[in-house]
Amino acid sequence: MNKFRNIKAKVVVLFSVVMIVFTATLLLTVYVSERDRLLEIELEKSTEISITHAKILNQEISKYITMLKMLSGAPQLKDESPSNIVQHLIRLVDISDGDFINAVYVDSDLNLIDAKGGSTKVTHPLFLKGDQWLNKEFNITVPIMSAFEDAPVIMVVVPIRNLDKNWIGTIAAAVPLGVISSKLSSIKLTKGSFAWLADANGVIVSHPNKNAVMSVNLEVAEDLGFPGFYKIFEQTKTQNSGFGQYQDTNINQTKIVTFSKIENLPGWTLFVTTNESEIFQDIYSMLYDILIITVVLVLVFLLLISRLSNRITQPIIKLTEEVKAGVDNRHRTLGIIDTDDEIGQLSRVFSETIGKINLHTNHLEKLVEQRTAEVTSRNIMLSKQNDQLEQLASKDSLTGLYNRRAFTTLVEKEVSRARRHNLPVTLVVLDIDHFKKINDQFGHSVGDDVLCRIAKELTQATRKENTICRWGGEEFVILVPEANSDLVFQQIEHIRSNMLTLNFDPVDSLTFSAGMATLLSGESFPQWFHRADKALYEAKSCGRNRTVVS
Ligand SMILES: Nc1nc2c(ncn2[C@@H]2O[C@H](COP(=O)(O)OP(=O)(O)OP(=O)(O)O)[C@@H](O)[C@H]2O)c(=O)[nH]1
């Protein structure tokens, strides 16, 4: 299938089809037009030949008649002795130059003598005598087997008349059919054409096929395997010349035949037969020549087309490969087909365009790289800012401890974990004692500083798993995971006692009160916180600087 997609294959197939159709049409046209024309010409020629040879044969017969008349008119013949007559007859045979094989003289009493000295009495019923010669100058018999010869002959007969024009005898010459045939043998229309003769009875008297001579009557030709001949034979009875066509089923060939009547041989017909195929031989050879020339031309053109197609398609294929390679590899320079035709121009345009596209793509890539770097750095910055925001949102700005909102969220997670693993978790609420006095006595900034140092102390003194939150004002909350009240109490007490040793300059000393509660099962954070806060309140109420467990 791929073959039919390329230009060369398409052109070759199209051209071949066109040439085949063209040649077939040409051959058919030539055959049809030439066939009829040639047949017409050949028939005319053949008819002409038939007539001409009929005339030649006629002249031959006339010559024989004249020769016989010269002898029959000689006055001395009437009084001659038989031996002298034989001499005349011999001379007649001699001067015929082989055309006569015998000559006979018959007197009024039907005594016959011939040139060979033979004699007999004529008894043949068809022998003309007496008044039968009235107004008759000559007579030619149908072929007969002579009493003197072993070959069939025709007898050319002239009367001998006395001064009163009455018949007193007959002079005749025996002309063998072979002589007549030899006169026809030169007749040729084509290589295989031949002339032949039929007598007044329709019997073939001369034919190249010796077996047919004297043995075939045209009346029965149809039955002998020559359908169509009877029609021609019928024509010979009414026309002086003509033509027709018949089949020779013995050799399975169509024959054409022309015929002509011979004046001096009343009823006789000269035929010229030709094989139809031979007539059309010229057409066939002409068609063959046309075919050969066309095939040669087609081959030459196909070669040219193939070369031409290659010249067009090869650069296109090369260009396609170059463009593909150029698209696949941007750093590759597109090879230019350096011709001044359309392909060359296309190649240059492709090269320029792909170059521009590659340049543009490179530029775009750099731009994308630059933009990506920018976006990445901005993302990093944003991430940092987010972290800072997160920090700001979740941490107390003064102490850096978790604010109340963040702590609440963290508590929920820790509570859920403790419940899942069935672990204790304790909440401590811690409040600086008399903090208001510090503010009042040393100023708000010293108060802030104290808050920061307390936050730092709480962070350092507790485990890092603990979550410390500035709940508000001077109040802190510590979430201690995996620890019950006892453990946490000790830790807070340790921090509280340690508090008295710390230097909070300019503040002399500092104490805090704390309340704590370990999470009970099913307890909510507010309830839990409330218990711890209540414990703190209790610690405050009981004089401060102490820790109360709920
Ligand atoms: N410097 C400073 N003072 C604060 C801050 N937040 C709250 N305070 C002050 O802390 C003081 C708390 O006073 P109180 O609630 O009466 O408690 P106290 O004075 O500590 O008394 P007791 O808790 O009962 O021992 C108030 O005077 C507030 O103004 C803060 O961020 N910085």
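Residues numbered from 1 in each chain as written. Predicted model: local features only at pLDDT ≥ 70, side-chain atom pairs only at ≥ 80, totals over all residues. Heavy atoms only, no water.

Labelled according to an unreviewed UniProt entry, the protein appears under the name diguanylate cyclase, originating from Alginatibacterium sediminis. Under the UniProt heading Cofactor (unreviewed entry), the entry covering the protein gives this text: "Mg(2+)". (UniProt positions renumbered as here; feature names shortened; annotations may be inferred.)

Engineer: Could you give an account of the pattern of salt bridges, with specific residues and numbers?
Structural biologist: Charged atoms that come close allow side chains of opposite charge to pair. The final tally for this structure, using the stated rule, is 15 salt bridges. Of the charged contacts in the structure, one is a salt bridge between Asp 99 and Lys 63, with a shortest N-O distance of 4.0 Å. Of this pair, Asp 99 sits in the loop between α2 (82-95) and β1 (102-107) while Lys 63 sits in helix α1 (residues 7-72), and the two are 36 residues apart along the sequence. Assessed through its relative accessible area of 8%, Asp 99 is described here as buried. Residue Lys 63 is classed as partly exposed on the basis of its relative accessible area, which comes to 37%. A salt bridge links Glu 414 to Arg 417; its shortest N-O distance comes to 3.0 Å. Of this pair, Glu 414 and Arg 417 both sit in helix α8 (residues 404-420), separated by three residues, roughly a single helical turn. With relative accessibility at 29%, the residue Arg 417 sits in the partly exposed group. Salt bridges linked by common partners bring Glu 60, Lys 63 and Asp 99 together as one network. (Salt bridge = Lys/Arg side-chain N within 4 Å of Asp/Glu carboxyl O. Helix = DSSP H or I, 4+ residues; strand = E, 2+ residues; numbered from the N terminus. Buried < 20%, exposed > 50% of the residue type's maximum accessible area, 1.4 Å probe, protein only.)

Engineer: Describe the UniProt feature "transmembrane region" (unreviewed entry) in the protein, with residues and values.
Structural biologist: In this numbering, the UniProt entry assigns the feature "transmembrane region" (unreviewed entry) to residues 12-32 and 283-305. Helix makes up 100% of residues 12-32 and strand 0%, and the two end C-alpha atoms of the span are 30 Å apart. In residues 283-305, the share of helix is 100% and the share of strand is 0%. The end C-alpha atoms are 31 Å apart.

Engineer: Account for the confidence of the model for the protein, with residues named and values stated.
Structural biologist: Per-chain confidence: the protein averages 87 in pLDDT, with 96% of residues scoring 70 or above. Interface predicted TM-score (ipTM) for the complex: 0.97; the corresponding pTM is 0.49. (pLDDT = per-residue confidence, 0-100.)

Engineer: Can you explain the site of the ligand? Please cite residues and give values.
Structural biologist: The ligand sits among 16 residues. The nearest are His 434, Phe 435, Asn 439, Asp 448 and Arg 544. Within the contact set of the ligand, an oxygen atom lies 3.4 Å away from a backbone nitrogen or oxygen of Ile 432. Between the ligand and His 434, the relevant distance is 2.8 Å, taken from an oxygen atom to a main-chain nitrogen or oxygen of the residue. Surface burial for the ligand is 66%, taken as the share of its 660 Å² of free accessible area covered by protein chains. Those elements giving two or more residues to the shell around the ligand turn out to be β13 (425-432), α9 (435-442) and α10 (444-461). Top contributing element to the shell around the ligand by residue count: α10, with four residues. Split by residue class, the shell around the ligand holds three nonpolar, five polar and eight charged. (Near = heavy atom within 4 Å. Polar contact = N/O pair within 3.5 Å; in protein donor to acceptor, adjacent residues only side chain to side chain. Areas by Shrake-Rupley, 256 points an atom, 1.4 Å probe, with all protein chains shown as cover. Nonpolar A, V, L, I, M, F, W, Y, C, P; charged D, E, K, R; others polar.)

Engineer: Talk me through the environment of Asn 139; I want residue IDs and the actual numbers.
Structural biologist: Looking at where Asn 139 falls in the secondary structure, it is placed in strand β4 (residues 139-140). Aside from chain neighbours lying at most four places away, what touches Asn 139 is Leu 128, Trp 133, Met 155, Val 156 and Val 157. (Contact = heavy atoms within 4.5 Å.)

Engineer: Give a description of the side chain of Asp 248 that names residues and reports values.
Structural biologist: By the element assignment, Asp 248 lies in strand β10 (residues 241-248). Not counting residues up to four positions away in its chain, the partners in contact with Asp 248 are Gly 225, Phe 226, Gln 253 and Lys 255.

Engineer: Before we move on, could you go through the packing of aromatic side chains and cite the residues and values that matter?
Structural biologist: Per the counting criterion, the structure on display carries 16 aromatic pairs. Here the aromatic rings of Trp 471 and Phe 529 are separated by 4.4 Å at their centres, their planes lie at 25 degrees, and the arrangement is stacked. Taken as a pair, Trp 471 in strand β14 (residues 467-472) and Phe 529 in helix α12 (residues 525-541) lie far apart in primary sequence, 58 residues in all. A relative accessible area of 12% means that Trp 471 is categorised as buried. (Phe/Tyr/Trp six-rings, centres within 6.5 Å; stacked < 30°, edge-to-face > 60°.)

Engineer: Lay out the layout of surface pockets with the relevant residues and their values.
Structural biologist: Roughly 320 Å³ of volume is contained in the second largest pocket. Forming the walls of the second largest pocket are 16 residues, and the residues nearest its centre are Ile 204, His 207, Asn 209, Ala 212 and Phe 226. Its residues placed into classes, the lining of the second largest pocket shows 11 nonpolar, three polar and two charged. (1 Å grid on protein atoms, 1.4 Å probe; cavity = no way out; pocket = protein on both sides within 12 Å on 5 of 7 lines; lining within 4 Å. Points joined across faces, edges and corners; volume = space filled by probe spheres on them.)

Engineer: Which residues make up the pairing of β10, and what are the values?
Structural biologist: Every other side chain in a regular strand lies on the same face of the sheet, so the side chains alternate between the two faces. Burial along β10 is one-sided: the residues Gly 242, Gly 244, Tyr 246 and Asp 248 are buried and none of Ser 241, Phe 243, Gln 245 and Gln 247 is. Sheet topology note: the β10/strand β11 (residues 253-261) ladder contains eight bridges and is antiparallel. Following the sheet pairing, Phe 243 is matched in β11 by Thr 258. Counted between consecutive antiparallel strands, the loop separating β10 from β11 contains four residues, among which Asn 252 sits at a positive phi close to 55 degrees. (Pairing = 2+ DSSP bridges.)

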